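Fold and contact review
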Amino acid sequence: MDFFTTLVVILDSTVRLSIPLLLACLAGLFSERAGVFDIGLEGKMLAGAFAAGAAAAVYGSAWAGLGAAVLVSGFLALVHGFASITHRGNQIVSGVAINFIAAGSTIILGQAWFSQGGRTPSLGADGRFGAVTLPFADAMRDVPVIGYIYYELISGHSILVYFAFFMVFVTWWVLFRTRFGLRLRAVGENPAAVDTAGISVTWLRYRAVLCTGALCGFAGTYLALAMNAGFVKDMTAGKGFIALAALIFAKWRPAPAMFACLLFGFLDALAIRLQGTPLPVVGRVPVQFFQALPYVLTVILLAGFIGKAIPPRAGGVPYVKER
Amino acid sequence: MSSPYAKLPAWADYGLIPLINLVVAFAVAGLVVLMVGENPFRAAAIMVEGAFGSGRNIAYTLYYSTSFIFTGLAVAVAFHGGLFNIGGEGQAYVGGLGVALVCLTFDSILPWWLTFPLAILGAAALGAGWAFIPAYLQARRGSHIVITTIMFNFIAASLMVYLLVGPLKPMGSMAPQTRTFLEGGQLPKLNWVMELFGFTVRSSPFNLSFVLALVCAFLVWLVIWRTRLGYEIRTQGHSPKAARYAGIGEARIVIITMMISGALAGMMALNPVMGDQARLQLDFVTGAGFVGIAVALMGRSHPAGIVPAAILFGMLYQGGAELAFEMPNISRDMIVIIQGLVILFAGALEHMFRPSIQALFASISPRSAGLAAAKREGA
């Protein structure tokens, strides 16, 4: 029973830790499926987290924070679109630039506005997305196994957690069951064909990039308003890149993206849990090993040792109309 | 692919457009300063004063520039081969391990002028080695170099934390760093050079690796523009297809280019580790690997542009430190914003002002704006 409880607790923190990855990963899915590489997920998420923390602190409402996060992250997405779609700049360079701008300006503005060393003020219950207790959770608590799983693992998360899992379905539905999704995927594979059909490549890609911005805003909000009580500087700590890794791991598909994010979240939860405790057979594993594991796994996958990840064909290439 | 841009006179291409991009980047940075509630012109004045106001300040500026020359060259060499090496940060970090291993082994038995060449080899070898794996994976297994080098930055960070809190830490010490190197593992300072010019410098970390950086800049120019290998690298970067038809081994060039790039990034570690701190510390790279991207873009991947661009960023680093002192609201992170804006305007948006400048040139002298295939980056 003890093992069971531990397992459920680890899985519970797996869910918490994988949500920012999942939201950012779905964000990247929209952009990259439309042929715009985005390594600026990290920056957009960070800027979103800051906007959420700042707005929630000023207006005292978590929803205001969410709105601000989506706006700010959407603006950065538009900058990325302006550089890489309108001006056909290098998408990777643009993404790198956005990461730096976000990293620097969140600290500078945070310090100037709140004078707390780059943090935003600690938030009370109103400013946060608190835990939601699902119906009957308390009643079912004492039911062995199933009740406990329901109470501990499924119930008691922030609303953004449920939203993130719901978005996996929505993303799948939008991309694979709607006309917009079909065109979006087409523009990432063969923009010339889409153009020939009389559909604007530019407008389609801008819409895809805006979806990315909005979802990164949600990811940032989750970090600042659900996982923590306010913004802390550099709080994304590479999560945007892990999300990118998960996206490649999932071969640019929504449901596998969810499992990839859960896997990376699980590694993270395990690393926290196992800190300092010796394992059977191998003995003590340094915690840095677990921290590096998602990156190592991604490299191995990219090298084609676990199936081959083939990116959208037109990814990274600005579209130039024939003239 | 046909280029959508017409040709401009060379001075406009290499002087005017980068200058305009830079001015716009700084103007936007000025807006951020304004948002924080400070006067951007005063901030700029304090920065310039802080960077060049005294001999000590100049020495510090050049100390930071040294690191940026190395990392800027590293990114530039990769750019010439059509590769984007974002992994300078990790390669420099692991390069530091090479420096430290050499210094820890030889500092008590060899004088610095014998340790130095060995440390150069150590730094270059480990930096190149760290770049080799992503390069090999790109060349042979087709994995994207940008993603793998980012991953290798994180792996390098984990590896170095593991080494510095474990095996490399001296017994009985709490701080995650190696022991301090003896005389034989420290580079001589160059403060006397500043004193030749009549400045008084009491202490600064400005050291011999600056000279090495300049030598490297010259060597990069020599290799890229004056050797067969450089020609092959540039051909590969310009048009992989043409390179293939010309019988240039694609995989070989990718791997060699990345290893040169990694070696240059690795050598950056000589400056802080052997030149200043005389020990290997956590996070000694402090973003220099990423600054290299901005430096290479600003210097248009040419050593003659990279050295001044590196000095400009050295100035921003040193001046920024002084600025943080005068205006507490503007910490050193302002540099990160400027860096991002420079990358955005000089890199991703480099063609933004081109159409209007072309129109301007065409209206002044129609001949100079004749339609010809211009160079395209990133294609």
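Here, every reference points to the structure presented above.
The rules we used
- For every chain, the first residue of the written sequence is number 1, and numbering continues from 1 onward in sequence order.
- All chains are assigned letters beginning at A, and all ligands numbers beginning at 1, according to the order in which they are written.
- For this predicted model, a pLDDT threshold of at least 70 governs which residues receive local features, and a threshold of 80 or more governs which side-chain atom pairs are given and counted, while totals over whole chains, interfaces and linings are taken from all residues.
- Only runs of H or I of at least four residues qualify as helices and only runs of E of at least two qualify as strands under DSSP, and these elements are numbered from the N terminus.
- A pair of residues counts as a contact when their C-beta atoms, built from backbone coordinates, are within 7 Å of each other.
- Following the grouping adopted for this structure description, the nonpolar residues are Ala, Val, Leu, Ile, Met, Phe, Trp, Tyr, Cys and Pro, the charged ones are Asp, Glu, Lys and Arg, and the polar ones are all others, Gly among them.
- Multiplying one less than the number of residues by 1.5 Å gives the expected span of a helix.
- Here the bend at a residue is taken as the angle between two axes, fitted respectively to the seven residues that end there and the seven that start there.
- Residue burial is a threshold on neighbouring C-beta atoms within 10 Å of the residue's own C-beta, all placed from the backbone, with 20 or more meaning buried, 12 or fewer meaning exposed, and counts in between meaning partly exposed.

Here the focus is the overall build of chain A. In terms of regular secondary structure, chain A is built from 13 helices and 2 strands. Oriented by its inertia axes, the alpha-carbon framework of chain A measures out at about 70 × 50 × 40 Å. Within chain A, contacts between residues separated by at least 24 positions form 76% of all contacts whose residues are at least 6 apart in sequence.

Before going further, it helps to spend a moment on unusual backbone geometry. Residues and elements named next belong to chain A. One non-glycine residue with positive phi stands out, namely Lys-251, at about 55°. On the secondary structure map, Lys-251 appears in the loop between helix H11 (239–249) and helix H12 (254–274). For Trp-252, which is not glycine, the phi torsion reads 60° and is therefore positive. Residue position: Trp-252 is located in the loop between H11 and H12.

As a further point, take the interface of chain B and chain A. On the chain A side, the residues contacting the 44 residues of chain B number 40 residues. Where the side of chain B that touches chain A is concerned, the elements lending two or more residues are helix H1 (10–36), helix H5 (112–141), helix H6 (145–165) and helix H15 (333–348) of chain B. If one sorts the elements of the side of chain B that touches chain A by residue count, H15(B) sits on top with 11 residues. Each residue belonging to the side of chain B that touches chain A can be placed in one class, and the counts come to 27 nonpolar, 13 polar and 4 charged.

Residues spaced three or four apart along an α-helix face the same direction, because each turn holds 3.6 residues. Its 27 residues give H1(B) an end-to-end C-alpha distance of 39 Å, which sits within 8% of 39 Å, the value for a rise of 1.5 Å per residue. Within H1(B), the axis deviates most sharply at Leu16(B), by approximately 25°, and proline Pro18(B) lies no more than four positions further along. The complete set of buried residues in H1(B) reads Ala12(B), Pro18(B), Asn21(B), Ala25(B), Ala29(B), Val32(B) and Val33(B). On its buried side, H1(B) packs onto helix H4 (91–114) of chain A together with helix H2 (40–52), helix H13 (288–298), H15 and helix H16 (354–364) of chain B.

Distances and angles like these do not, on their own, reveal function.
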